[in-house]
Amino acid sequence: MTVALYPFLPDSQSLFSDIEHSFERAHPDVDLQIIDLSANYYNEDEPQAITNTNAQVYELDGVFLADFIDQKRIQALPKELVPPANTMVQVAENSAKAKDEWWGLPHWACTNYIFYRAGDQLGSAATLKDVESLIGAKHSPDQGLLVDAKGKLTLGELYLDATLDELGDLTAAEPYLLDANLLSSATANLQRAINLCDTGMCRDSDYHEATGFYARQFARKRGRALVGYSERLYYIALEEHESCRKGECLDLKNIEMKPLPLSDKGSHPFAWVDMLTISTTCDETCLPDATAFIAHVTSAAEVKRALLPARYGAPPRYLLPARADLYTDKDVLAAAPLYSKLQPALSDAIPVRGRKLNARLRAIGKKLDKEILKP
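Residues numbered from 1 in each chain as written. Predicted model: local features only at pLDDT ≥ 70, side-chain atom pairs only at ≥ 80, totals over all residues. Heavy atoms only, no water.

## A word on the UniProt feature "domain: Thiaminase-1 insert" (unreviewed entry) in the protein chain
(1) Moving on: Mapped onto this numbering, the UniProt entry annotates "domain: Thiaminase-1 insert" (unreviewed entry) at residues 111-234.
(2) Moving on: When the span residues 111-234 is considered, its composition is 44% helix and 9% strand, and the gap between its end C-alpha atoms is 15 Å. (UniProt positions renumbered as here; feature names shortened; annotations may be inferred. Helix = DSSP H or I, 4+ residues; strand = E, 2+ residues; numbered from the N terminus.)

## What to know about the nonpolar core
(1) Moving on: In terms of nonpolar packing, the biggest core is built from 132 residues, with Leu233, Trp272 and Phe293 touching the most fellow members.
(2) Moving on: Excluding residues within four positions of it along the chain, Trp272 makes contact with Asp61, Val63, Trp108, Ala109, Cys110, Glu157, Leu160, Tyr229, Val352, Leu357 and Leu361. (Core = buried A, V, L, I, M, F, W, Y, C linked by side-chain atoms within 4.5 Å. Buried < 20%, exposed > 50% of the residue type's maximum accessible area, 1.4 Å probe, protein only. Contact = heavy atoms within 4.5 Å.)

## Things to note about the side chain of Thr51
(1) Moving on: In this fold, Thr51 is placed in the loop between β2 (33-35) and β3 (57-61).
(2) Moving on: Once residues lying within four places of it in the same chain are set aside, the contact partners of Thr51 are Glu44, Phe64, Phe68 and Arg73.

## Brief notes about the state of the cysteines
Disulfides are covalent bonds that link the sulfur atoms of two cysteine residues.
(1) Moving on: All chains considered together, the criterion is met by three disulfides.
(2) Moving on: The side chain of Cys197 participates in a disulfide bridge whose partner is Cys202; the two sulfur atoms lie 2.1 Å from each other. The sign of the -100 degrees torsion about the S-S bond sets the Cys197-Cys202 disulfide as left-handed.
(3) Moving on: What pairs with Cys282 in a disulfide is Cys286, and their sulfur atoms sit 1.9 Å apart. Its S-S torsion of about -95 degrees marks the bond between Cys282 and Cys286 as left-handed, since a negative value means left-handed. The same class applies to Cys282 and to Cys286, which are both buried.
(4) Moving on: Each bonded cysteine of the protein chain is numbered by sequence order, and under that numbering the disulfide pairs are 1-2, 3-4, 5-6. (Disulfide = S-S within 2.5 Å.)

## Side note on helix α10 (residues 232-242)
(1) Moving on: Burial in α10 covers these residues: Leu233, Tyr234, Tyr235, Ile236, Ala237, Leu238 and Glu239.
(2) Moving on: Lining the buried residues of α10 we find β8 (113-117), α9 (213-219), β10 (225-228), β11 (255-259) and α14 (339-342).

## Topic: the environment of Leu276
(1) Moving on: Within the fold, Leu276 resides in strand β12 (residues 270-279).
(2) Moving on: Each C-alpha atom of the pair Leu276 and Ile294 lies 6.6 Å from the other, and the pair is 18 residues apart in sequence.

## Structural notes on the pairing of strand β7 (residues 105-110)
(1) Moving on: In terms of burial, β7 is largely enclosed, as six of its six residues are buried.
(2) Moving on: Judged from the five bridges that link them, β7 and β12 form a sheet pairing that is antiparallel. Bridging across to β12, Pro106 finds its partner in Met275.
(3) Moving on: Bridge analysis of β7 against strand β13 (residues 320-321) gives two bridges, and the strand direction is antiparallel. Counterpart to Trp108 in the pairing with β13 is Pro321. (Pairing = 2+ DSSP bridges.)

## Brief notes about the packing of helix α5 (residues 152-167) against helix α7 (residues 184-194)
Two numbers describe a pair of packed helices, the interaxial angle and the distance between the axes.
(1) Moving on: In contact at an axis separation of 9 Å, α5 and α7 are set at 115 degrees when each is read in the N-to-C sense. Considering only the axes of α5 and α7, their crossing is right-handed. Together, Leu155, Leu158, Tyr159, Ala162, Thr163 and Glu166 of α5 and Ser185, Ala186, Thr187, Asn189 and Leu190 of α7 make up the contact between the two elements. (Axes fitted to C-alpha atoms, helices over the stretch in contact; angles between N-to-C directions. Left-handed = near helix turned anticlockwise from the far one by under 90°.)

## Quick notes on the environment of Pro288
(1) Moving on: For Pro288, the position within the fold is in helix α11 (residues 287-297).
(2) Moving on: The class of Pro288 is partly exposed, set by a relative accessible area of 47%.
(3) Moving on: C-alpha of Pro288 to C-alpha of Pro78: the two residues are 210 residues apart in sequence and 9.8 Å apart in space.

## Here we look at α7
(1) Moving on: Judged by how many residues are buried, α7 sits mostly within the fold: eight of 11 residues are covered.
(2) Moving on: Of the positions making up α7, those classed as buried are Ala186, Thr187, Asn189, Leu190, Gln191, Arg192, Ala193 and Ile194.

## A few points about the sheet that holds β11
(1) Moving on: Reading across the sheet, the four strands line up as β9-β10-β8-β11 and stay open at both edges, with mixed pairing between neighbours. With partners counted over all chains shown, the strands left at the sheet margins are β9 (145-146) and β11, one partner each.
(2) Moving on: Here β8 runs beside β10; their pairing, made up of four bridges, is antiparallel. Bridged to Ile114 within β10 is Val227.
(3) Moving on: Docked against the sheet, α10 engages β8, β10 and β11, running at close to 135 degrees with respect to β10.

## Section: the environment of Glu302
(1) Moving on: Examined against the element boundaries, Glu302 turns out to sit in helix α12 (residues 300-307).
(2) Moving on: Placed 194 residues apart in sequence, Glu302 and Trp108 show a C-alpha to C-alpha distance of 13 Å.
(3) Moving on: At 3.0 Å, the side chain of Glu302 and the side chain of Ser22 are in polar contact. (Polar contact = N/O pair within 3.5 Å; in protein donor to acceptor, adjacent residues only side chain to side chain.)

## Quick word on the packing of aromatic side chains
(1) Moving on: On inspection of all chains with the given rule, the structure shows 19 aromatic pairs.
(2) Moving on: With a centroid separation of 5.7 Å and 80 degrees between ring planes, the pair formed by Tyr6 and Phe8 is classed as edge-to-face.
(3) Moving on: With a centroid separation of 5.9 Å and 75 degrees between ring planes, the pair formed by Tyr327 and Tyr339 is classed as edge-to-face. Residue Tyr327 is found in the loop between β13 and α13 (330-335), and its partner Tyr339 is found in helix α14; the two are separated by 12 residues along the sequence. (Phe/Tyr/Trp six-rings, centres within 6.5 Å; stacked < 30°, edge-to-face > 60°.)

Structure follows, in structure tokens:
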């Protein structure tokens, strides 16, 4: 059975190996083949994009869900996979359902945070203006904002975040999700945030391509605050554990976080949701195995195993699980106590989905990078 899993996860190869071995132990009659799309998952011009891949199970970023439904590439979930009420965090359920029908089983969620040191006044910063006043464009070296502002999809997502912060909901934002009709206040706010970076830091292609670079810089105290997904905590902890002398780097217990405000109106967090879906090419012979795999990999035990350290000395992956129960699980919180601080950002997060949304955000990111944002 061929499965295309979402690839951009900390220590993903180890995770995929664990998933393969765990599933095949439970189902020795199935040969699980996990397709690696880490080179071009989002790039629809490449053969290794998720949109150009043939698999029996797809793990889709919600940015693709509407297109896969429209193109009849996936089928609705079988009834036995539909989760009981309140199993998933609400934004995950809202992202995976269309017209009250489940099309995918949520696995992971992603939303942007601003991370800062415990006790920093940034803890009370509710708006972009507040963040500006505390960091300042003319701050001391190594006291700026650390945010990856390169890459077409990265910039497209940041623009979407800024637009939702300005307008408050996806319906109002939809007309401005075209590269020919950008919301000027959102692009201006994005530039304001980038202006808080140290010179030469946030708009560098080499840094963009270096996995965990900005998180590692923050671990080494080379920034006042860090912007990114929850898994940035994994790279902070990895740097502190493997590459720093004692006391040299930040410890996770000294880090706080909150939703990122990219507007003077505050933050309206949104979340992407990665979900497991079944191809329409998966017939009655394939369907039992696909169903068994999805049930296995999204079970509480398997998701918990993916979150917790994969080996001795490794940090928790700090991915955001779609399962609501894991944010209060005693084993998870014992190993990864920051989950109690990460969860509130998801409680009112806006689910995001739309036709051709990946292509639209990439076009927006390209325009921002080439024509609008300062280098």
